[in-house]
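Results of the structural survey
One-letter residues, chain by chain:
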Amino acid sequence: QVRLVESGGGLVHAGESLRLSCTASKIIFSIYRLAWFRQAPGKQRKLVASISSGYRTNYEDSVKGRFTVSRDNENKTVYLQMNSLKPEDTAVYYCNAEAPSGIASWGQGTQVTVSS
């Protein structure tokens, strides 16, 4: 069973930065599409950023130019560097790993809170 463990969340002020990490186990990490989603209170979970096995990246419009997704296949870790954070970025952030078969796994989530 795939296991994803996120870390790096916390409480920051607007304009500050955070880096989220998600480390996987029991998968051939390099072939997976990896993504970060977020879910704010009372809202649906939404895609924030993704990175393919070929390192192609995709970002939700509101985070373009502020967030960067990257992956380290050797250490089975995906990162989300978040700069210039805004209060509207406050949410629980989830790591997602999708196999070529389409089967996806989720991490437990990490809270990011941005105060104004």
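Notes on the structure follow.

Reading guide: rules and limits
Each chain carries its own residue numbering, running from 1 in the written order of its sequence. Only residues with pLDDT of at least 70 are given local features in this predicted model, and only at 80 or more are side-chain atom pairs given and counted; all residues enter the totals for whole chains, interfaces and linings. Note: side-chain values were computed over all heavy atoms of the structure, leaving out hydrogens and water. Should DSSP find at least two bridges between two strands, the strands are regarded as paired. Put simply, DSSP H or I for four residues or longer makes a helix, DSSP E for two residues or longer makes a strand, and each gets a number counted from the N terminus. A fitted line through C-alpha atoms serves as each axis, taken over the contacting stretch for helices, and the angle formed by two N-to-C directions is quoted from 0 to 180°. Exposed residues in this analysis have more than 50% of their type's maximum accessible area, buried residues have under 20%, and partly exposed residues fall in between, with area computed by a 1.4 Å probe over protein chains only. By definition, residues are in contact when any of their heavy atoms lie within 4.5 Å.

Remarks on the sheet that holds strand β3 (residues 18-25)
Adjacent strands of a sheet pair through backbone hydrogen bonds, lying either parallel or antiparallel. If you trace the 4 strands from one edge of the open sheet to the other, you get β1-β3-β8-β7, paired in antiparallel fashion. Sheet topology places β1 (3-7) and β7 (67-72) at the edges, where each strand pairs with a single neighbour. Adjacent strand axes in the sheet meet at a mean angle of 15 degrees when their direction is disregarded. As paired elements, β7 and strand β8 (residues 77-82) share 6 bridges and run antiparallel to each other. By the bridge assignment, Thr 68 is partnered in β8 with Gln 81.

What about the pairing of strand β5 (residues 46-51)?
With 5 bridges connecting them, strand β4 (residues 33-39) and β5 associate as antiparallel partners. Directly across from Phe 37, in β5, lies its bridge partner Leu 47. Linking β4 to β5, which pair antiparallel, is a turn of 6 residues; within it Gly 42 sits at a positive phi near 75 degrees. Relative to strand β6 (residues 57-59), β5 runs antiparallel, the two sharing 3 bridges. When the sheet's bridge partners are listed, Ser 50 is paired in β6 with Asn 58. Linkage of β5 to β6, two consecutive antiparallel strands, is achieved through a turn of 5 residues, within which Tyr 55 is found at a positive phi near 70 degrees.

Quick word on the pairing of β1
Of the two faces of β1, only the one carrying Leu 4 and Glu 6 is buried; Arg 3, Val 5 and Ser 7 on the other face are not. In the sheet, β1 pairs with β3 via 5 bridges, with the strands oriented antiparallel. Looking across to β3, one finds that Ser 7 is bridged to Ser 21.

A closer look at the environment of Cys 95
With respect to the element layout, Cys 95 can be found in strand β9 (residues 91-98). Ignoring sequence-local partners within four residues, the contact set of Cys 95 consists of Leu 4, Glu 6, Cys 22, Ala 35, Trp 36, Val 78, Ser 105, Trp 106 and Gly 107.

Overview of the environment of Ala 35
Here Ala 35 shows up in strand β4. Residue Ala 35 is classed as buried on the basis of its relative accessible area, which comes to 0%. Not counting residues up to four positions away in its chain, the partners in contact with Ala 35 are Leu 47, Ala 49, Ser 50, Tyr 94, Cys 95 and Asn 96.

Keep in mind these values describe shape, not function.
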